[in-house]
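These are the residues of each chain, in order.
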Amino acid sequence: MLLIDVAFVEARPSPWRQAVDLANMMLCLALRSSSEQVYRRALRQFNTQEITEGFAAARGLALPSQLRRLLRAQGRDLHAEFVRLLPTPPQPIRIQRWSLRRLGLLALVAVLLAFVGTVVAQNVTNNEAGKTPLYIGNVSCSDLEPLWLEAQSVPSASLVPCLRPIPAGWTLMKVTVNDRRSVLTFDSDRAGNGAMIVRLTAGCAIGRGTEVASDHPGVRRYMLIEQQAPRFVATRYDVFAGGCVTTRFSIPAETRAQLTVEAATLLDFTTRQALQQALEQRSDGRLQLDPSNPR
């Protein structure tokens, strides 16, 4: 017994699809009988014009791959055998027929897809994996559970960002962790929502960033100032082995000096090695941060 896959069934098939299905059905039946027997039986249900249209359309990619393999295995050109039985050899019908209308539709679809892709990309960037929040109010360097999740989101990162004591007026509003990225979003009572956004990724495009001094061993720091007023907008890049942390500031220009100093004291790093050791101790050696054979 053979189970027939109906994944490509159509409720309202086009005339081309009906013709192709007829020819493919006849070819399948002829694999276990003969083209003459199948042709005679088909004439009870279909006229010669319908059968001719079927074999005019059923060629190349219109034939299922399994049927093509069976035809090659038997060494028979059943398509040619059926064509010889037809009163008139069919003129091949191409799968695609290009026209100005079709080209115009394809161009329109391409524009729409590009627009939708841009919107989706912007939405993902703005929402920062909003569907995977951790619902926590802190990620201090002693909060192991969220730090383990951050480390797993970017397996190549040798360092993982964590927080020092949060200054008054700053609030960690959201922590999101997903594949290849972790994001920390901070609000400020003087700078507003999203005053600082910290992202951990495997790499980053520094672009025109200027290298500045870093207070963390093994970390190279770059700074890119995008706007001075009315808000000070800048991005800081901390680059290290296997990872990068980008910190984007958006602060009112009049409070820039105080708030940038406060924001700079927020972020710290812990090492992947330290997190691995802590996990081994917590689990008595049963768990590993980076298993050698992940499932």
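Quick note: structure is the one above.
Nothing here was measured: the structure is a model prediction, and the numbers come from that model.

The rules we used
Numbers given to residues run from 1 along each chain, matching the order in which its sequence is written. In keeping with the model being predicted, local features are shown solely for residues with a pLDDT of at least 70 and side-chain atom pairs are shown and tallied solely at 80 or more, while totals for entire chains, interfaces and linings include all residues. Note that the side-chain values use all heavy atoms of the structure and ignore hydrogens as well as water. Strands here mean DSSP runs of E at least two residues long; helices mean DSSP runs of H or I at least four residues long; both are numbered from the N terminus. Here's how the labels work: a residue is buried when its accessible area is under 20% of the maximum for its type, exposed when over 50%, partly exposed in between, all with a 1.4 Å probe on protein chains only. Contact criterion: two residues are considered in contact whenever any of their non-hydrogen atoms come within 4.5 Å of each other. Surface exposure here means Shrake-Rupley accessible area, sampled with a 1.4 Å probe, where a residue is shielded only by the protein chains that are shown. Salt bridge, as applied in this entry: a Lys or Arg side-chain nitrogen positioned within 4 Å of an Asp or Glu carboxyl oxygen.

(A) The arrangement of the overall build of the protein in detail. The helix and strand inventory of the protein stands at nine helices and nine strands. By residue count, 36% of the 295 residues in the protein fall in the buried class. At a minimum sequence separation of 6, the contacts of the protein that also span at least 24 residues come to 58%. Here the protein has roughly 18300 Å² of accessible surface; of this, 57% comes from carbon and sulfur atoms.

(B) Up close: the pattern of salt bridges. For the structure shown, the criterion picks out 14 salt bridges. The salt bridge partner of Glu-145 is Arg-282, with a shortest N-O separation of 3.0 Å. One end of the pair, Glu-145, is in helix α7 (residues 144–153); the other, Arg-282, is in helix α9 (residues 272–282), and 137 residues separate them in sequence. Given a relative accessible area of 44%, Glu-145 falls into the partly exposed group. For Asp-215, the salt bridge goes to Arg-221, with nearest N and O atoms at 3.7 Å. On the basis of relative accessibility, which here comes to 11%, the residue Arg-221 falls in the buried class. Each of the salt bridges in this network shares a partner with another, and the network as a whole consists of Asp-215, Arg-221, Arg-236 and Asp-238.

(C) Representation of the environment of Ala-257 within the structure. Looking at the secondary structure, you find Ala-257 in helix α8 (residues 256–264). On the accessibility criterion, Ala-257 (56% relative accessible area) is exposed. In sequence terms Ala-257 and Phe-232 are 25 residues apart; their C-alpha atoms lie 9.9 Å from each other.

No statement about biological role is implied by the geometric values presented.
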